Amino acid sequence: MEETARRPLFDLFAGLKGKIPHVVLGALPSPVERYSELEEALGCKSMALYIKRDDYSGRPYGGNKVRKLEFLLADALRKGCMEVLTFGGVGSNHALATGIYAQHVGLKSISMLMPQPNAHSVRANLLMSFKTGIELHHSPSMATTAGHAAWQMCRHKCRTGKFPYVIPPGGTAPLGVVGFVNAALELKQQIQEDVLPVPDILYVASGTMGTAVGLLLGLKAAQLPTKLVAVRVTDARFSSVEKAEKLFTATNRLLHHACPDFPLVPFPPEDFIFEHRFYGQAYGLYTDEAMKGVRLLKETCGIRLEGTYTGKTFAALMAAAISGQLFRKTVVFWNTYNSYDFTEEIKDIDYRNLPAPFHRYFEEEVQPLDRLEHHT
Ligand SMILES: *Cc1c(COP(=O)(O)O)cnc(C)c1O
């Protein structure tokens, strides 16, 4: 694996090299751009609005997961595993990203997928997962998943002699979260290079919380005063301030123990704003506000968001801008959704080649708020 690309985490804390497993997968740093047309559209011209384009974080598949996978897949390789097993909703971006990048480093992947509301993006991800050669399993509920996964672990161990490396949902284990500590240090570097001023506030989606928590730790380790708004898009059982704090501390300890130069920083409750109001009814179920956000970004700057994560997050930013809370603030919207189009690659795939439990996502309608969207 090429070890050529540099990561600010290893430049700043050289003692981490060799201690924290890492493999280059992403195309980093991802760009940051200012969008005056959005500032205007939101009626908030005094605000400076920047977008961190993590939608271009990696080729062929961008979004937030590649940053975590640089560390998780390196760990799988170091442990001599030949396969990885992970979890997600049926339309999981995480499971797809894992399959794509696992293949890059010569690993096979297995996805344990659970039901979620239907959408065009769910169909597209299923077809792309199939095309990538991911072994797909459907698990009817959260309760049955552990059992199914254990069975698959044993089955694969029998076949290959080695258990698959398990990656938790969203890649959110301390080692994966390290990817976003690096991301915050990358942002700091871009600030030092005058790509953007020091942000007052940063908006990011919070699913399994790894992205938000890694950014928060990185911002504080870099001594940036930026406040982080984590917009909750999953059930409150899976994301809470308590969970954030635990993950923050575990990731911080991992880095500090690997290299004592990496500071131990207290969890900063005053800089972590956990925003609950834009979740709606369920994970993956779109809201009117989220779809307004999706349309606005598409129309004003040609950026494609979706309704599960980024639409809800942008809705939170929009509401704050409109109510005047972002007056004279420098704001960063962290785009976590992949922007590389793979429509061409999946257009000839017949969904009936997928395991039967997934067929209904192609035979039943998509959720009402996704029906107007033409893209897949
Ligand atoms: C997975 C995902 C997230 C959530 O990231 P977490 O680290 O799980 O909180 C946000 N946006 C998109 C597009 C994702 O696929």
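Heads up: these notes are all about the structure in this document. Bear in mind the structure is a predicted one, so any value in this text is a computation, not a measurement.

Procedures and definitions
- Residues numbered from 1 in each chain as written.
- Predicted model: local features only at pLDDT ≥ 70, side-chain atom pairs only at ≥ 80, totals over all residues.
- Heavy atoms only, no water.
- Helix = DSSP H or I, 4+ residues; strand = E, 2+ residues; numbered from the N terminus.
- Buried < 20%, exposed > 50% of the residue type's maximum accessible area, 1.4 Å probe, protein only.
- Core = buried A, V, L, I, M, F, W, Y, C linked by side-chain atoms within 4.5 Å.
- Contact = heavy atoms within 4.5 Å.
- Near = heavy atom within 4 Å.
- Polar contact = N/O pair within 3.5 Å; in protein donor to acceptor, adjacent residues only side chain to side chain.
- Areas by Shrake-Rupley, 256 points an atom, 1.4 Å probe, with all protein chains shown as cover.
- Pairing = 2+ DSSP bridges.
- Axes fitted to C-alpha atoms, helices over the stretch in contact; angles between N-to-C directions.

## Some remarks on unusual backbone geometry
Backbone phi values are negative for most residues with the exception of glycine, while trans is the configuration of most peptide bonds. Cis geometry is found at the peptide bond from Leu28 to Pro29, where omega equals 0°. For Pro29, the location among the structural elements is in the loop between α1 (8-12) and β1 (32-34). For the bond running from Arg59 to Pro60, omega is 10°, close enough to zero to count as cis. Backbone geometry at Gln223 places phi at a positive 55°, although glycine is not the residue there. Examined against the element boundaries, Gln223 turns out to sit in the loop between α8 (210-221) and β8 (227-232). The class of Gln223 is exposed, set by a relative accessible area of 72%.

## Some remarks on the nonpolar core
Core analysis: the biggest nonpolar cluster contains 117 residues, and Leu9, Leu73, Tyr203, Leu228 and Phe314 have the highest contact counts within it. Here this core gets 10 residues from one element, more than from any other, and that element is helix α7 (residues 174-192). Dropping the residues within four chain positions of it, Leu73 is found in contact with Leu25, Val84, Tyr101, Ala102, Val105, Leu107 and Ile167. Counting seven residues, the second-largest nonpolar core is a separate cluster that includes Leu85, Ile110, Met114 and Met153.

## Considering the site of the ligand
Around the ligand, the surrounding shell holds 15 residues, and the nearest of these are Lys65, Lys68, Thr208, Thr211 and Thr336. In the environment of the ligand, an oxygen atom lies 3.0 Å from a nitrogen or oxygen atom belonging to the side chain of Asn64. Here Thr336 contributes a side-chain N or O atom positioned 2.6 Å from a nitrogen atom of the ligand. In the complex, 98% of the free accessible area of the ligand, which totals 390 Å², lies under the protein chains.

## Quick notes on the sheet that holds strand β7 (residues 201-206)
Pairing is mixed across the open sheet formed by six strands, whose spatial order is β1-β2-β10-β7-β8-β9. Each of the sheet's edge strands pairs with one partner strand only, and the pair in question is β1 and β9 (272-275). Pairwise comparison of adjacent strand axes, ignoring direction, gives a mean angle of 25° for this sheet. Two elements, β7 and strand β10 (residues 330-334), share three bridges in a ladder whose sense is parallel. By the bridge assignment for β10, Tyr203 is matched with Phe333.

## Brief notes about the side chain of Thr234
Here Thr234 shows up in the loop between β8 and α9 (241-258). A polar contact is formed between the side chain of Thr234 and the side chain of Ser239, at a distance of 3.2 Å. Filtering out sequence-adjacent residues up to four positions away, Thr234 remains in contact with Ser206, Gly207, Ser239, Tyr279 and Tyr283.

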